Amino acid sequence: MELIRTVLEARITANDWLMAHLPDRFAAGIPEHDPALSGWRVPIWLSYPQLEPLGPVGELVITESTGNVLVYTPIDMKDRATRLYEQHREQIEAPLL
């Protein structure tokens, strides 16, 4: 991996990890650098096309020195996403009608 120096690099790294580990509809939010961890905290959001992101479902921590995901919210992100989907079902499905 490589050194992660910018918000953009951290976000790209997070989205790459999400695509490899979770189905679509998960997207990286705006990363924040955490000097105490020597890394980036990246919120993970449930997202649908043509809608604002629905809400946070987890977080990744990416090391700045290697770009590896050091910590992530357990895959119960899917459970949180399902609850958010149910709360916003009408809004999500409306464009499909």
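Everything numeric in this text was worked out from a predicted model, so none of it was measured.

Participant: So what exactly am I meant to see when it comes to the overall build of the protein chain here?
Facilitator: The helix and strand inventory of the protein chain stands at three helices and five strands. Listing the helices and strands of the protein chain from first to last along the sequence gives α-β-β-β-β-β-α-α. Along the first, second and third principal axes, the C-alpha atoms of the protein chain reach 45 × 25 × 20 Å. Here the protein chain holds 97 residues, and 35% of them are scored as buried. For the protein chain, contacts bridging at least 24 residues in sequence account for 40% of all contacts bridging at least 6.

Participant: Help me understand the pairing of strand 5 (residues 69–72), please; the structure alone is not making it clear to me.
Facilitator: It is a general feature of regular strands that their side chains alternate between the two faces of the sheet. In terms of strand pairing, strand 4 (residues 55–63) meets strand 5 through three bridges, oriented antiparallel. Residue pairing across strands places Leu60 opposite Tyr72, the latter belonging to strand 5. Turn length for the strand 4-strand 5 hairpin, with the two strands adjacent in sequence and antiparallel, is five residues, and the turn residue Gly67 shows positive phi of about 80 degrees.

Participant: What am I meant to see in helix 1 (residues 7–21) here?
Facilitator: Side chains three or four residues apart in an α-helix point the same way, a direct result of the helix having 3.6 residues per turn. Under the 1.5 Å per step criterion, the end-to-end length of helix 1 is 21 Å for 15 residues, consistent within 8% with the ideal 21 Å. Taken together, the buried positions of helix 1 are occupied by Ala10, Thr13, Ala14, Trp17 and Leu18. Projected onto a plane normal to the axis of helix 1, the buried residues spread over an arc of 140 degrees and lie on a single side. For helix 1, the exposed residues set more than 90 degrees away from the buried face come down to Leu8, Met19 and Ala20.

Participant: I tried to follow unusual backbone geometry on my own but got confused; where do I start?
Facilitator: Across the chain, the bulk of peptide bonds are trans and the bulk of non-glycine residues have phi less than zero. Here Ser38, not a glycine, exhibits a phi torsion of approximately 50 degrees, which is positive. Mapped onto the fold, Ser38 is located in the loop between strand 2 (32–34) and strand 3 (39–46).

Participant: Would you take a moment to explain the confidence of the model for the protein chain for this structure?
Facilitator: Counting all residues, the mean pLDDT for the protein chain is 85, and 92% of those residues have values of 70 or more. Mean pLDDT in the protein chain bottoms out at helix 2 (residues 77–87), which sits at 77, and peaks at strand 2, which reaches 97.

Participant: Even after reading the chapter, I still don't get the pattern of salt bridges, so can you show me in this structure?
Facilitator: Two side chains with opposite charge may pair up if their charged atoms get near one another. The final tally for this structure, using the stated rule, is three salt bridges. The closest approach of N and O atoms between Asp34 and Arg41, which form a salt bridge, is 2.9 Å. Taking relative accessible area as the criterion, Arg41 reaches 31% and is therefore assigned partly exposed. Taking the shortest distance from any N to any O, the salt bridge between Arg41 and Glu59 comes out at 2.8 Å. Of the two residues, Arg41 sits in strand 3 while Glu59 sits in strand 4, which places them 18 residues apart along the sequence. The network of salt bridges with shared partners includes Asp34, Arg41 and Glu59.

What counts, and where the lines are drawn
- Along each chain, residues carry numbers from 1 onward, in the same order as the chain's sequence is written.
- Confidence filtering applies because this is a predicted model: local features only for residues at pLDDT of at least 70, side-chain atom pairs given and counted only at 80 or more, and all residues used for totals across whole chains, interfaces and linings.
- The basis for every side-chain value is the complete set of non-hydrogen atoms in the structure, without hydrogens or water.
- Going along the chain from the N terminus, every DSSP run of H or I of four or more residues is numbered as a helix, and every run of E of two or more is numbered as a strand.
- For every residue, the accessible area obtained with a 1.4 Å probe (protein chains only) is divided by the maximum for its type, and the residue is called buried under 20%, exposed over 50%, and partly exposed between those limits.
- Note on definitions: a residue-residue contact is assigned when non-hydrogen atoms from the two residues lie within 4.5 Å.
- If DSSP finds at least two bridges between two strands, the strands pair.
- Here the expected length of a helix is defined as 1.5 Å per residue gap, with one fewer gap than residues.
- Directions are taken from the helix axis to each C-beta atom, and the arc is the one they span.
- pLDDT expresses how confident the predictor is about each individual residue, on a scale running from 0 to 100.
- We count a salt bridge whenever a side-chain nitrogen from Lys or Arg sits within 4 Å of a carboxyl oxygen from Asp or Glu.

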